[in-house]
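Structural features, examined
Here's the letter readout for the chains.
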Amino acid sequence: MKTRMITAIDMEAVTTGLRFKTVERLKVIGRKGEGCDGTIRHLIDVTDYETFMLEQYKIVDEEDGWIPLDDLLEI
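The rules we used
Residues numbered from 1 in each chain as written. Predicted model: local features only at pLDDT ≥ 70, side-chain atom pairs only at ≥ 80, totals over all residues. Heavy atoms only, no water. Patch = residues over 30% accessible without salt bridge, like charges linked within 9 Å, V, L, I, M, F, W, Y side chains within 5 Å. Areas by Shrake-Rupley, 256 points an atom, 1.4 Å probe, with all protein chains shown as cover. Salt bridge = Lys/Arg side-chain N within 4 Å of Asp/Glu carboxyl O. Lys, Arg positive; Asp, Glu negative; His and termini not counted. Charge placed at Lys NZ, Arg CZ, Asp CG, Glu CD. Helix = DSSP H or I, 4+ residues; strand = E, 2+ residues; numbered from the N terminus. Buried < 20%, exposed > 50% of the residue type's maximum accessible area, 1.4 Å probe, protein only.

Taken together, the side chains of D61, E62, E63 and D64 define an acidic patch exposed on the protein surface. Among the structural elements, D64 can be located in the loop between α2 (36-62) and α3 (69-74).

As structure tokens, this is what we get:
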């Protein structure tokens, strides 16, 4: 049986002020059983991924020498 040690760091929390409407919107966005913290973490992860992908597309657009996939399929 595998066990996981929970450290004090895992349980650290801070109190922050959120407007009631913000909490209600987080409840709508969040998944069933997910609290505000989980919803906010999910939104941050999605934003980080989208930002990363936009950066990658920008690099591809700016560099020369790329052959569009459609052109490769015609060969």
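From this point on, the discussion continues.
All right, on to the pattern of salt bridges then. Scanning all chains against the criterion turns up two salt bridges. Residue D37 is joined to R41 by a salt bridge in which the shortest nitrogen-to-oxygen separation is 3.0 Å. Taken as a pair, D37 and R41 lie in helix α2 at a separation of four residues, close to a single helical turn. Each member of the pair, D37 together with R41, is exposed.

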